[in-house]
Amino acid sequence: KSQYLQKMAANIAAGAVVCVESEIRGDVTIGPRTVVHPKARIIAEAGPIIIGEGNLIEEQALIINSYPENIMPDTEGVEPKTMTIGINNVFEVGCVSQALKIGDNNVIESKADLGKNVILTSGCIVGACCQVNTCEVIPENTVIYGSNCMRRVQTERPQPQTLQLDFLMKILPNYHHMKKTVKGTSTPVRN
Amino acid sequence: MSGTVQMEWHQTPGNQVDSHYCPSCLENMPSAEAKLKKNRCANCFDCPCCMHTLSTRATNIPAPLPDDPSKTTMKKAYYLACGFCRWTSRDVGMADKSVASGGWQEPDNPHTQRINKLIEYYQQLAQREKLERDRKKLARRRPYMPLAFSQHTIHVVEKYGLGTRLQRQRPGAPITSLAGLSLKEGEDQKEINIEPAQALDEVEPLPEDCYTRPINLPEVTSLRQRLLQPDFQPAGASQLHPKHKHLLIKRSLRCRKCEHNLSKPEFNPTSIKFKIQLVAVSYIPEVRIMSIPNLRFQKECQVLLTLTNPVENITHVTLVGCEEGDPEDINSTAKVMVPTKELVLAGKDAAADYDELAEPQDFQDDPDVVAFRKSNKIGFFIKVVPQREEDGDVTVSFKIRHDFRNLAAPIRPSEEGDAPTEAIWLTHHVELSLGPIIA
């Protein structure tokens, strides 16, 4: 338990753009081509977080690997669970995600709230302000929308935000300092 | 308001449709055109899934050049998409269109022909019955010109339609849906025969796996989605086609008694102002709650209210508590003691904020009653004793009596010279909800 607490430095792969104003705590691995906006928070409390490539994590998004509610942080014998996030996901402004397993090409819209027991597969869209805290695996290409969290299945998965990612990777370093990546310097080379 | 001075709270004033417009493209439409298009906008669509407005999106698809099939060039293809539930027109198999607007068609109802034929037949029937009625009425008066006269009445009906008060259906009267239909003048009265509907003995049996097949829940449409398309009422989500957007209307209100126009909005859909706006708020002093102390059961509390004068002349207001057995006093749960003296409100002066040299008018307020005075507003105290210890809000009610001077009325030439307009005293019932009791 104490071993991963000491591993405070985040592993940020080369090619990822992570702003200094973002808060990254614990054992977090971020893949290449991922953009983390300022004021985003990625907190690995109860276990490590592994984020894939091509993800877009916007302002005030909170990705937290927290302890289950009835377990105190000091309990012995608690296995740290890894939170895995796939590729090409979008975490829009202000969303909260505690889901332990998120696949690829998902979009979690603004102020959505994902509970600890949800597992997102691929191509899912969790609508704005929707709270999903059931204990289930959301099937592929599901759209959750509306105040009652209605669901429907769409025929195609949401497109990866390549244009947006490229734009941000060029523009953000002009206005913010970046966190150090594993290989290379703190601010990537500007065009 | 020049004819009658009366509050129209309980009776709904007469409603009239003023103009039709589309809520998303804000396109104005005359009533005749709206009727033709069945009150739907031609350009905008609603998402069949969540009923929001659909937006047109473009993608670039490679398409072969017409001259040289081997080379491909990027062409724009348009599809409809919903921003809320992410429905797209591709979900139901609608092909992408090459034009941005106007390419989308609603699917045809297979029963349209039959319905149209039935409508024609009944139109003719109504026409014939009307002729019979007219003929009977006028048989004595003008035996030589019955047809011409009834053509005239048809003309009158069609010209004025259902818009005038005479034609408006009273609630409770049987609905004559055929009243608006009439043959156009000059059309031959050919006989239209319809086949009667045939009753079938055999009905298609249910499929074998009706009870055993597992339901694919995302594919099942909700009742609301289904009933929004009454033509088809599809049970499967893959048959939900977008429908054109409904038009909204702006309506104008009339007083029932004197037929005066009360509220007439602007014709332009982008404008929210009114051409005529005679609302009670601009004539009656407004009571607002300013501060409420902790309300305790059966303990006297002082609540601070404000009275604002919306008119430009001085208004005198008297407050009276409700009497026992007052029919309007149904909700009050507390006893209230209102100030007994008459309160004087200064007129609303639009330039008061800018005129620093203006002398504050001296009204000699009783400090026990009037807490403060600021241009056309005063704050005053009422004493409230909650009588019921239940959950829910403490409600008090009282009557407010004020003088009203109708400045909009034409000034009658009076022989005495400058006679001021007569004041009419109006009484209104006021109910205030003060929040829960704090134990």
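Structure: see above.
Residues numbered from 1 in each chain as written. Chains lettered and ligands numbered in written order. Predicted model: local features only at pLDDT ≥ 70, side-chain atom pairs only at ≥ 80, totals over all residues. Heavy atoms only, no water.

(A) Expanded view of the overall build of chain B. Looking only at helices and strands, one finds four helices and 18 strands in chain B. A buried classification covers 29% of the 439 residues belonging to chain B. Taking as baseline every contact in chain B between residues at least 6 positions apart, the subset at least 24 positions apart corresponds to 66%. As displayed, chain B has an accessible area near 30400 Å², and 53% of this comes from carbon and sulfur atoms. (Helix = DSSP H or I, 4+ residues; strand = E, 2+ residues; numbered from the N terminus. Buried < 20%, exposed > 50% of the residue type's maximum accessible area, 1.4 Å probe, protein only. Contact = heavy atoms within 4.5 Å. Areas by Shrake-Rupley, 256 points an atom, 1.4 Å probe, with all protein chains shown as cover.)

(B) View of the sheet that holds strand β12 (residues 315–321) of chain B. Residues and elements named next belong to chain B. Across the sheet, four strands lie side by side as β14-β12-β17-β18; this open sheet has antiparallel pairing. Strands at the two margins of the open sheet, each flanked by one partner only, are β14 (343–345) and β18 (423–436). Direction aside, neighbouring strands of the sheet carry axes that sit 30 degrees apart on average. With twelve bridges connecting them, strand β17 (residues 393–405) and β18 associate as antiparallel partners. Within β18, the residue paired with D403 across the bridge is W425. (Pairing = 2+ DSSP bridges. Axes fitted to C-alpha atoms, helices over the stretch in contact; angles between N-to-C directions.)

(C) Quick peek at the nonpolar core. Counting 33 residues, the largest nonpolar core has I30(A), I42(A), I57(A), F91(A) and L120(A) as its most contacted members. Among the secondary structure elements, those contributing two or more residues to this core are β4 (28–30), β6 (41–44), β7 (49–51) and β10 (83–85) of chain A. The next biggest cluster of nonpolar side chains, apart from the first, holds 26 residues, and it includes V287(B), L319(B), V336(B) and L434(B). (Core = buried A, V, L, I, M, F, W, Y, C linked by side-chain atoms within 4.5 Å.)

(D) Structural detail: the sheet that holds strand β14 (residues 107–108) of chain A. All names here are of chain A. The strand order across the open sheet formed by eight strands is β2-β5-β8-β11-β14-β17-β20-β21, and the pairing between neighbours is mixed. Since the sheet does not close on itself, it has two edges, and those belong to β2 (17–18) and β21 (150–153), each with one partner. Where strand β20 (residues 142–145) and β21 come together, four bridges link them in antiparallel fashion. By the bridge assignment, T142 is partnered in β21 with V153.

(E) Examining the packing of aromatic side chains more closely. Counted under the stated rule, the structure contains three aromatic pairs over all chains. On the basis of an interplanar angle of 80 degrees and a centroid distance of 6.0 Å, the ring pair of Y145(A) and F84(B) is categorised as edge-to-face. With Y145(A) in strand β20 and F84(B) in the loop between β5 (72–82) and α2 (112–138), the pair connects residues from two separate chains. On the numbers, 5.9 Å between centres and 85 degrees between planes, the contact of Y283(B) with F404(B) is edge-to-face. Within this pair, whereas Y283(B) is found in the loop between β9 (274–277) and β10 (286–291), its partner F404(B) is found in strand β17, the two being separated by 121 residues in sequence. Y283(B) sits in the partly exposed class, given a relative accessible area of 24%. Judged by relative accessible area, F404(B) falls into the buried class, the value being 5%. The cationic tip of R90(B) hangs over the ring face of Y79(B); the distance from NZ or CZ to the ring centre is 4.2 Å. (Phe/Tyr/Trp six-rings, centres within 6.5 Å; stacked < 30°, edge-to-face > 60°. Lys NZ or Arg CZ within 6 Å of the ring centre and 35° of its normal.)

(F) Highlighting the pairing of strand β11 (residues 301–308) of chain B. Residue and element names in this part refer to chain B. Buried residues dominate β11, accounting for seven of its eight residues. Sheet analysis places β10 next to β11, joined by five bridges and oriented antiparallel. Looking at β11, one finds that V287 is bridged to L307. Bridging between β11 and strand β16 (residues 377–386) involves eight bridges; their strand directions are antiparallel. Along β16, the bridge assignment pairs C301 with V384.

(G) Region of interest: helix α2 (residues 162–175) of chain A. Residue and element names in this part refer to chain A. In this model, α2 (14 residues) spans 21 Å end to end at C-alpha, consistent with the 20 Å of a helix rising 1.5 Å per residue. A bend of about 30 degrees at M169 is the largest found in α2, and the proline P173 appears one to four places after it. Residues of α2 that are buried: L165, L168, L172 and P173. Those residues of α2 hidden inside the fold are in contact with β2, β5 (35–36) and β8 (56–57). (Expected span 1.5 Å × (residues − 1). Bend = angle between axes of the 7 residues up to and from the residue.)

(H) Local environment of the interface of chain A and chain B. Residue-level contacts link eleven residues of chain A with ten residues of chain B. Overall, the association of chain A and chain B removes approximately 960 Å² of surface from exposure, summing both partners, and the carbon and sulfur fraction of that is 50%. Looking at the side of chain A facing chain B, the largest losses of area belong to Y145(A), R152(A) and E156(A), adding up to 49% of the total buried there. Here chain A and chain B share one salt bridge between them. The salt bridge partner of E109(A) is R86(B), with a shortest N-O separation of 2.5 Å. At the surface where chain A touches chain B, the tally comes to one residue pair in polar contact (both at pLDDT 80 or more). Sorting the residues of the side of chain A that touches chain B by element identifies β20 and β21 of chain A as the ones contributing at least two each. Here the side of chain A that touches chain B is built from residues that sort into five nonpolar, three polar and three charged. (Buried area = accessible area lost by both parts, 1.4 Å probe. Salt bridge = Lys/Arg side-chain N within 4 Å of Asp/Glu carboxyl O. Polar contact = N/O pair within 3.5 Å; in protein donor to acceptor, adjacent residues only side chain to side chain. Nonpolar A, V, L, I, M, F, W, Y, C, P; charged D, E, K, R; others polar.)

(I) Spatial organisation of the layout of surface pockets. Approximately 670 Å³ is the volume found for the second largest pocket. In terms of lining, the second largest pocket is formed by 27 residues, of which the most central are P158(A), Q159(A), Q161(A), R57(B) and R86(B). Within the residue set of the lining of the second largest pocket, elements represented by two or more residues are α2 of chain A together with β4 (54–64) and β5 of chain B. Residues of the lining of the second largest pocket, tallied by class, amount to eleven nonpolar, nine polar and seven charged. (1 Å grid on protein atoms, 1.4 Å probe; cavity = no way out; pocket = protein on both sides within 12 Å on 5 of 7 lines; lining within 4 Å. Points joined across faces, edges and corners; volume = space filled by probe spheres on them.)

(J) Representation of the pattern of salt bridges within the structure. Following the criterion strictly, the structure yields 13 salt bridges over all chains and no others. Of the charged contacts in the structure, one is a salt bridge between K245(B) and D46(B), with a shortest N-O distance of 2.7 Å. One end of the pair, K245(B), is in strand β6 (residues 243–246); the other, D46(B), is in strand β3 (residues 40–46), with 199 residues separating them in the sequence. Here K245(B) falls in the buried class, since its relative accessible area comes to 9%. Here R405(B) makes a salt bridge to D403(B), at a shortest N to O gap of 3.0 Å. When its relative accessible area of 29% is taken as the criterion, R405(B) is described as partly exposed. Put simply, E23(A), R25(A) and R41(A) are held in one network by salt bridges that share partners.

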